[in-house]
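Chain residues, written in single-letter form:
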Amino acid sequence: MTWTCEQTEARLSDYLDGLLTPDERHEFDMHANTCEDCAQFVASVSHLLTGLHSMEQVEPPPLLIYSILNQTLGPRETKRGWRATFGWLSGLTSPRFTYSAVSLAASLAILLAASGVSLRKPKLADLSPVNIYRSVDRQAHLVYAHSTKFVSDLRVVYEIQSRLNKDNDLPSTPATTMPQTAPGKSPGSTDSTRPDAPRQQNRANSIKRELEVLAMEVPAVSGTLCGQLLRRRIP
Amino acid sequence: MLAPGNFGVKLVAVAGFEADDTLEQDAQLVQQCLQGDGSAWEELVRRHTRRIFNICYRFTGNGTEAEDLSQEVFLRVYKTIGSYRSAYGGFATWMTSVTRNLLIDHYRRTKRDRITDSLEDAMPMVENKESAGRRPDQQLLLGELSSQVHTALTKLSPELREAVILRDLQQLEYNEIRQVLDVPEGTVKSRINRGRIELARILQQMGVRPS
């Protein structure tokens, strides 16, 4: 397609605004590079656009807005006396300001409580950076210690539970499961007149041994949890 | 030769970014105005005064006339805001349309007087020069060029002048200009093209040459 000078003039804005297709742009450039008149023409309009886009917004006269408002809303009364001084206080009753103020107060209270400042008996010394740091550090260590102890206790309980469950699943020794020669005694039944029946005693002994092993493995809690269990009489 | 597409990308980026946010805020303010909220009207005035004033100033070339016309625009908008419908487009577009109609009316009314008026009587306006990293010599050259372009604009016919102002100074999209001028989009593009070419010829006649 041979690009003409008429086409250059007709599509100049599209070219400068980047609206030509790649083929059209190529044809346009080819023609502008070979036609001196079109090259000058394109350069002058490009220069014009540079000037147009460099024109900044002009500031309107300062009183224009007030003049417009006077003509539309009417003359605005000027506040005098104490109304002029304290008129801004009316803005404090807006819901947005109230909500923001309450949120800010709550956040401050939470921060002060977390930093160890007593809200009932506040002291100026509590607000010093050193005291705040010490208080926060102490709180953090306490929280860490409680968490560690909690996790450790959970582990102990889990160990005990798993060993008890394992003990219940263990097969009994032949000697202990051999039914005693007693008339009318069905297998597996217990005789309440003989509390130290071999099966129950063996189970109790097994639990005791397990708890002793556990106490050795977890010495930190042996004085509290396992020790109490060991002292209990297992029927 | 400048690289093509730079101007179009800049125009689209600026207009596209502001469109959605401004449209929603304007719509809310208009609703509040219709319910009698004076502070909403005040906010609308503050948001649009600068833009309307600049359209009037670039069209008339005269600061005093631009001030008077801006007041007339807002007065007319205040009286007819009840007739605004979102189907007309954004509130800013509708307001620009009212401004344009008023400018054309003013142009026709003062056609005879314009022949004897001198541009030297125009109130000098100070442009808000944001240097944006330009060197002082560049700033001076651009300032001189923009002053020459401002003078050349007043010599353009009204229909070409308004098209160039809305596209190249107000960065409106073709679709918005179509709504403002109430003409087909092809006519908008044609007027913008002819306006730019005619403006370049006027500058050449004034002795302004591309650097």
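Residues numbered from 1 in each chain as written. Chains lettered and ligands numbered in written order. Predicted model: local features only at pLDDT ≥ 70, side-chain atom pairs only at ≥ 80, totals over all residues.

## Details of the overall build of chain A
When you go through chain A residue by residue, the secondary structure sums to 11 helices and 0 strands. Sequence-ordered secondary structure for chain A, helices as α and strands as β, is α-α-α-α-α-α-α-α-α-α-α. When each of the 235 residues of chain A is scored for burial, the buried share is 10%. Put simply, 43% of the contacts in chain A that link residues at least 6 apart link residues at least 24 apart. (Helix = DSSP H or I, 4+ residues; strand = E, 2+ residues; numbered from the N terminus. Buried ≥ 20, exposed ≤ 12 C-beta atoms within 10 Å, placed from the backbone. Contact = placed C-beta atoms within 7 Å.)

## Here we look at the overall build of chain B
Along chain B, the regular secondary structure elements total 9 helices and 0 strands. Its helices and strands taken in sequence order, chain B reads α-α-α-α-α-α-α-α-α from the N to the C terminus. Across the 211 residues of chain B, 32% fall into the buried class. Restricting to contacts in chain B with at least 6 residues of sequence separation, those with at least 24 account for 69%.

## Topic: the interface of chain A and chain B
Residue-level contacts link 37 residues of chain A with 46 residues of chain B. The greatest single-element share of the side of chain A that touches chain B, amounting to 12 residues, is contributed by helix α4 (residues 36–54) of chain A. For the side of chain A that touches chain B, the class distribution of residues is 20 nonpolar, 12 polar and 5 charged. (Nonpolar A, V, L, I, M, F, W, Y, C, P; charged D, E, K, R; others polar.)

## Topic: the environment of G207 of chain B
Following the sequence through the fold, G207 of chain B ends up in the segment after α9 (185–205). Between the alpha carbons of G207 of chain B and Q148 of chain B there is a distance of 9.9 Å; along the sequence they are 59 residues apart.

## Here's the deal with the nonpolar core
Most often, soluble globular proteins keep nonpolar side chains buried together rather than apart. With 56 residues, the main nonpolar core has V45 and L48 of chain A together with C56, V149 and L199 of chain B as its most contacted residues. For this core, the element with the most residues is helix α2 (residues 38–60) of chain B, which contributes 9 residues. (Core = buried A, V, L, I, M, F, W, Y, C linked by C-beta atoms within 7 Å.)

## Considering the packing of helix α7 (residues 158–169) of chain B against α9 of chain B
Residues and elements named next belong to chain B. Running from amino to carboxyl end, α7 crosses α9 at an angle of 100°, the nearest separation of the two axes being 8 Å. One finds that α7 runs roughly perpendicular with respect to α9. Of α9, the residues touching α7 (which contributes E159, L160, R161, A163, V164 and R167) are V188, R191, I192, R194, G195, R196, E198 and L199. Tallied by class, residues from the contact of α7 with α9 come to 6 nonpolar, 1 polar and 7 charged. (Axes fitted to C-alpha atoms, helices over the stretch in contact; angles between N-to-C directions. Parallel < 35°, antiparallel > 145°, perpendicular 65-115°, else oblique.)

## Things to note about unusual backbone geometry
Residues and elements named next belong to chain B. In this structure, Q171 is a non-glycine residue whose phi angle is positive, near 55°. Secondary-structure assignment places Q171 in the loop between α7 and α8 (174–181). In this model, D182 sits at a positive phi of 60°, which is unusual for a non-glycine residue. For D182, the position within the fold is in the loop between α8 and α9. Exposure remark for D182: the 10 C-beta atoms within 10 Å place this residue in the exposed category.

## Focus on the confidence of the model for chain A
Scored by pLDDT, chain A comes out at a mean of 78, with 73% of its residues at no less than 70. Across residues 185–189 of chain A, where pLDDT falls below 50, the model places 3 contacts with residues more than four positions away in sequence or in other chains. (pLDDT = per-residue confidence, 0-100.)

## Focus: the packing of helix α5 (residues 64–73) of chain A against α2 of chain B
In contact at an axis separation of 10 Å, α5 of chain A and α2 of chain B are set at 135° when each is read in the N-to-C sense. If you check the angle between α5 of chain A and α2 of chain B, you find them oblique. As for how α5 of chain A packs across α2 of chain B, the hand of that crossing is right-handed. Residues L64, I65, I68, L69, T72 and L73 of chain A of α5 of chain A touch α2 of chain B, and the partners they reach there are G38, W41, E42, V45, R46, T49 and F53 of chain B. Here the residues of the contact of α5 of chain A with α2 of chain B are counted per class, giving 8 nonpolar, 3 polar and 2 charged. (Left-handed = near helix turned anticlockwise from the far one by under 90°.)

## Considerations on α8 of chain B
All names here are of chain B. Along α8, the positions that sit buried rather than exposed are E176, I177, V180 and L181. Each buried residue of α8 sits inside an arc of 125° when the element is viewed along its axis, so together they form one side. Elements that come into contact with the buried residues of α8 comprise α4 (91–109), α7 and α9. Once α8 ends, the next one or two residues include D182, with phi positive near 60°. (Arc of directions from axis to C-beta.)

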